[in-house]
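Results of the structural survey
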Amino acid sequence: MVIGNDEMHGGLLVAEVLAKQGVQFLFTLCGGHISPILVGAEQKGVRVIDVRHEATAVFAADAVGRLSGVPGVAVVTAGPGVTNTVTAVKNAQMAQSPLILLGGATATLLKGRGSLQDIDQMAVLRPHVKWAKSVKQVKKIVPTLEEAFAKALSGIPGPVFVELPIDLLYPESLVREWQAQAMSKSTHWRSRLVNRYIEWHMGRVFSNPWQVRAGEQIKLNLRQPNASQIAQTIGLLRGAQKPVLVVGSQALLNPGQAEALQKAIVKLGIPTYLSGMARGLLGTNELHMRHKRRLALKEADVVVLAGVPADFRLNYGRHIPSKAKYLAINLSRLTLYKNRRPDQAILASPGAFLRQLAGQWGPPPTSWAAWQKHLAERDSERDAEIAAVGEETTEYVNPVFLCQQMENVIGADSIMVGDGGDFVATASYVTRPRGPLSWLDPGAFGTLGAGAGFALGAKLCRPEAEVWLFYGDGSAGYSLAEFDTFARHGIGVTAVVGTDGGWAQIAREQVEIFGTKLSTELARTDYHLVGQGYGAEGIVVRKPEEVVGALQKAAHWQKEGKSTVVNVMLGESEFRKGSISM
């Protein structure tokens, strides 16, 4: 039976909602449970991007949510398709990314009876999402999906999960044909009773199926600050001599306001440290401080955390001295008070708060100039130290030298994606994101394997930008297969694999403490050949003098729409000794 384009089915209802909500891309790995959604999406103008692992689909959707503000959407088949997404979903939850995960499921009549790929998916996903719902009737598809978008975009944004059983997605005529084949031909009263129940159930599933159709787009809904909070903060800052502002990912939850937020921070004039999605927000502005944050916080008299939790990255709040006034702005009440109680706690959107604060702010106090100069000089000293490390000779290529050359070659309009430990952390010290929304990393969960999905979502959102994926050789193993995805869909990204033959960040501490490299050693694998096998260009670099030419060649190929794997053999470095986090 071939389904005509004019025949209505639940997959088309799903697609109508996605189109109305401004979804441009649907990420997936195909499965029989979800085929109607994929076909419907194509018919409604939503581009379907099929990947090689379900986690990549979710990571790509995560990147789209972060960069566009419209929830990214991934759809996966039942059972293992859903369970394969758990790490990526949890990463999105901790990163507060608006995301919709659609999961196929066995037919409603077969739930719990041992059907193919039938498990309790709600129990698996519910702890890791804001909201989860299983749809039981075709007429509930549209309102459930619209509620999902509202949940993903309200309060603290995050992922939601909607389970869509297979019999709700295919045309009613076909589903009834399937059920007819399964019904007993016996005249025994029990068989007749079962048949009647099946007929009743089908009637319920398909009751008034098309009565509710997709409505208008649901917008981001973040809690706003009030006037008294703004006034109190102005008074606090006017009395400061050494203020420090730390801006995190939550301040960028409204990507459309990124430029306005940048201008607001510049107007405030507070020396600023950036983390997570906020990296790159200030470009090359002199207010942006990059190094020795711990020392700056120790010396500060007012500390403002805007969308930043007092977690392990701030030593659970202990980096903020007790003598300093501590102001926290966050959408999460729990986060506001976790580990360290602020002197002023503001439950609101950090981005909105900073923009409104700047709207009522005059020139910054002249007394701040000496403080900013002090921090800037310390930054320059640290940059000089790093530059000196880059000149050290190592076997193969010095990782700091490699990052210095990447900084020189990467274009002004670019997005950097970090997926790894030691090499990526080194890159974060040396390379400078070019502007707002130009850096993507997993965030607090410390997830490996996000890189290809993030790069995919980034390039689709901003096709004109260069996308550079920084891989550790450990993390590269998670998602190199997605270069097949890039090739099939004509997507050009550049991956630089820092190949040092091991899990260096772990080995460095483990060897010192336990005296063994057990489980931390890898081969210096020909990742460039793996990339070529998947349809990408591949380059291997073994000597420092080969670095610039290889990077320039990869940048040229990306402009032609080709992906490249640049496999750089790295020498050992003590640059990040003692930096492991717990």
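Computed from a predicted model, the values in this text were never measured in an experiment.

Each helix and strand counted, the chain has 23 helices and 17 strands in total. For the chain, the C-alpha radius of gyration of 26 Å lies close to 25 Å, the compact-globule estimate for 582 residues. Reported as C-alpha extents along the three principal axes, the dimensions of the chain are approximately 90 × 60 × 45 Å. Taking all 582 residues of the chain together, 56% fall into the buried category. A sequence separation of at least 24 residues applies to 76% of the contacts in the chain between residues at least 6 apart.

Now for the sheet that holds strand β7 (residues 243–247). Hydrogen bonds between backbone atoms are what pair the strands of a sheet, whose relative direction is either parallel or antiparallel. A sheet is described by the order of its strands in space; here five strands give the open sequence β8-β7-β9-β10-β11, paired in parallel fashion. Pairing within the sheet leaves two strands with one partner each, and these edge strands are β8 (272–274) and β11 (344–347). Within this sheet the neighbouring strands show an average axis-to-axis angle of 15 degrees, counted without direction. Along the sheet face, helix α14 (residues 350–359) touches β7, β9 (302–306), β10 (325–330) and β11 and points at about 120 degrees away from the line of β10.

What follows is about helix α3 (residues 54–68). For α3, spanning 15 residues, the distance from its first C-alpha to its last is 21 Å, which sits close to the expected 21 Å at 1.5 Å a residue. By the criterion of burial, α3 is predominantly enclosed, with 14 of the 15 residues buried.

So, on to the nonpolar core. In this structure, Phe27 and Val247 are the most contacted members of the largest nonpolar core, which totals 85 residues. Broken down by element, the residue count for this core peaks at nine residues, all from α3. Leaving out residues up to four positions away in the same chain, Val247 has contacts with Ile265, Thr272, Tyr273, Leu274, Ser275, Ala278, Leu281, Ala306, Val308 and Leu354. The next biggest cluster of nonpolar side chains, apart from the first, holds 42 residues, and it includes Leu26, Ile34, Ala41 and Val160.

The next point concerns a positive patch on the surface. Positive charge collects at one region of the surface, where Lys133, Lys136, Lys140 and Arg204 lie side by side. By the element assignment, Lys140 lies in the loop between β5 (131–134) and α7 (141–153). Taking relative accessible area as the criterion, Lys140 reaches 39% and is therefore assigned partly exposed.

Before going further, it helps to examine helix α1 (residues 10–20). Within an α-helix, residues lying three or four positions from one another point in the same direction, as the helix has 3.6 residues per turn. Across the eleven residues of α1, nine count as buried, placing the element largely inside the fold. Those residues of α1 that fall on the buried side of the exposure criterion are Gly10, Gly11, Leu12, Leu13, Val14, Ala15, Glu16, Val17 and Leu18. At the exit of α1 stands Gly22, carrying a positive phi of roughly 80 degrees.

Strands sit in the order β13-β12-β14-β15-β17-β16 across an open sheet of six strands; the sheet is parallel. Two strands bound the open sheet, and with one partner strand each, they are β13 (439–440) and β16 (537–541). Two strands pair when backbone bridges link them, and strand β12 (residues 414–419) and β13 are joined in this way by two bridges, in the parallel orientation. Note on β13: the bridge partner recorded for Val417 is Leu440.

Cut-off values and rules
Residues numbered from 1 in each chain as written. Predicted model: local features only at pLDDT ≥ 70, side-chain atom pairs only at ≥ 80, totals over all residues. Heavy atoms only, no water. Helix = DSSP H or I, 4+ residues; strand = E, 2+ residues; numbered from the N terminus. Rg over C-alpha atoms; globule rule 2.2 N^0.38 Å. Buried < 20%, exposed > 50% of the residue type's maximum accessible area, 1.4 Å probe, protein only. Contact = heavy atoms within 4.5 Å. Pairing = 2+ DSSP bridges. Axes fitted to C-alpha atoms, helices over the stretch in contact; angles between N-to-C directions. Expected span 1.5 Å × (residues − 1). Core = buried A, V, L, I, M, F, W, Y, C linked by side-chain atoms within 4.5 Å. Patch = residues over 30% accessible without salt bridge, like charges linked within 9 Å, V, L, I, M, F, W, Y side chains within 5 Å. Areas by Shrake-Rupley, 256 points an atom, 1.4 Å probe, with all protein chains shown as cover. Salt bridge = Lys/Arg side-chain N within 4 Å of Asp/Glu carboxyl O. Lys, Arg positive; Asp, Glu negative; His and termini not counted. Charge placed at Lys NZ, Arg CZ, Asp CG, Glu CD.

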